[in-house]
Amino acid sequence: MLNFIACTSALLKREIIRFLRQRQRIVGALGTPLVFWGLIGSGMGTLKYFFPGTVVMILLFTAIFSTISIIEDRREGFLQAVLVSPASRMSVVMGKIWGGTLLATLQGLVFFLALPFLGLQLSWADFLFILIIMLTISFALTGLGFIIAWKLDSTQGFHAIMNLLLMPMWFLSGSLFPLTNAPHWLKTVIQLNPLTYGVAALHQGFFGNSLQMGLSNPSRLYCLSMMIIFALSSLVLARWVAGKNE
């Protein structure tokens, strides 16, 4: 148990140190969502509605950037060294995923500096709920990135697959516009998208409701439960992928 905690903590710490040394990752993860929020939100007159979706986009971009390190570690030989060490595969998975989760959540919290400009004030209960949702979203997305990056040796291929998978998930989650007028078949896709419930939960945390997202206003508990299932599913699949060649 102590060995598991030590290995997980070491890999987590390494992810944070690497992130702080690569300032372009900070700009990439925060800059693009800020531009989206400012341009699209202002153009559509929905800055307030678009705020939770922008938070999710920050979490998504950070998850993408953090899991690229798996491919880089393989090229540099670090990953192979870790895999032949006494460290368990689960500690490798947890260290990588928790590193990306904490980085994504912290960057998302930085964006909260814009809350006063929207006239939003959060109670401690709402803030705690939002924080938990952000952690579960970050964990799930980082786990998904881990699953994809584990078998790849090309960062270009990784970006292509992540954009093909994660960007449609983001667009079909209610991040950009309300989903009440979507056709029936599209609503079915939206309801099967686990990220939808993360966005709905953030809307409830920030505004007290899901702003007519086309989901019959699911409760906070239901949204949280769906996100926990998403996060745990990502963890189980990540452990399975990492252990295939064990």
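For the structure, check the block above.
Remember, predicted model here, so these are calculated numbers, not experimental data.

Undergrad: I'd like a rundown of the packing of aromatic side chains, residues and numbers included.
TA: With the rule as written, the count across this model stands at 13 aromatic pairs. Ring centres of Phe50 and Trp170 lie 6.1 Å apart, and the angle between their planes is 55°; on these two criteria the pair is classed as tilted. Taken as a pair, Phe50 in helix α3 (residues 47-76) and Trp170 in helix α7 (residues 155-171) lie far apart in primary sequence, 120 residues in all. You'll find Phe50 and Trp170 in the same group, each marked buried. Pairing Phe51 with Phe206 gives two aromatic rings, centres 5.2 Å apart and planes at 90°, and the pair type is edge-to-face. Residue Phe51 is found in helix α3, and its partner Phe206 is found in helix α9 (residues 194-207); the two are separated by 155 residues along the sequence. Considered together, Phe51 and Phe206 belong to a single accessibility category, that of buried residues. Three or more aromatic residues joined by ring pairs form one cluster here, namely Phe51, Phe111, Phe112, Trp124, Phe127, Phe206 and Phe207.

Undergrad: Talk me through α3; I want residue IDs and the actual numbers.
TA: Between its first and last C-alpha atoms α3 spans 43 Å; for 30 residues at 1.5 Å apiece the expected length is 44 Å, and the two agree. Counted residue by residue, α3 has 23 buried out of 30 residues, so it is predominantly covered. In the segment just after α3, Gly77 is the residue with positive phi, at about 90°.

Undergrad: So, α7: which residues are in play, and what are the values?
TA: Along its 17 residues, α7 runs 23 Å from first to last C-alpha, staying within 8% of the 24 Å computed at 1.5 Å per residue. The set of residues buried in α7 consists of Thr155, Phe158, Met162, Leu166, Met167, Met169 and Trp170. Buried residues in α7 make contact with α3, α6 (124-150), α9 and α10 (220-243).

Undergrad: Any chance you could break down the nonpolar core for me, citing the residues and the numbers?
TA: Grouped together as the largest cluster of nonpolar side chains are 67 residues, with contacts concentrated most on Phe51, Ile137 and Leu202. At the level of secondary structure, the elements contributing two or more residues to this core comprise α3, α4 (78-83), α5 (89-110), α6, α7, α9 and α10. Contacts of Ile137, omitting those with residues within four sequence positions, involve Val56, Leu59, Leu195, Gly198, Leu202 and Met227.

How each quantity is defined
Residues numbered from 1 in each chain as written. Predicted model: local features only at pLDDT ≥ 70, side-chain atom pairs only at ≥ 80, totals over all residues. Heavy atoms only, no water. Phe/Tyr/Trp six-rings, centres within 6.5 Å; stacked < 30°, edge-to-face > 60°. Helix = DSSP H or I, 4+ residues; strand = E, 2+ residues; numbered from the N terminus. Buried < 20%, exposed > 50% of the residue type's maximum accessible area, 1.4 Å probe, protein only. Expected span 1.5 Å × (residues − 1). Contact = heavy atoms within 4.5 Å. Core = buried A, V, L, I, M, F, W, Y, C linked by side-chain atoms within 4.5 Å.

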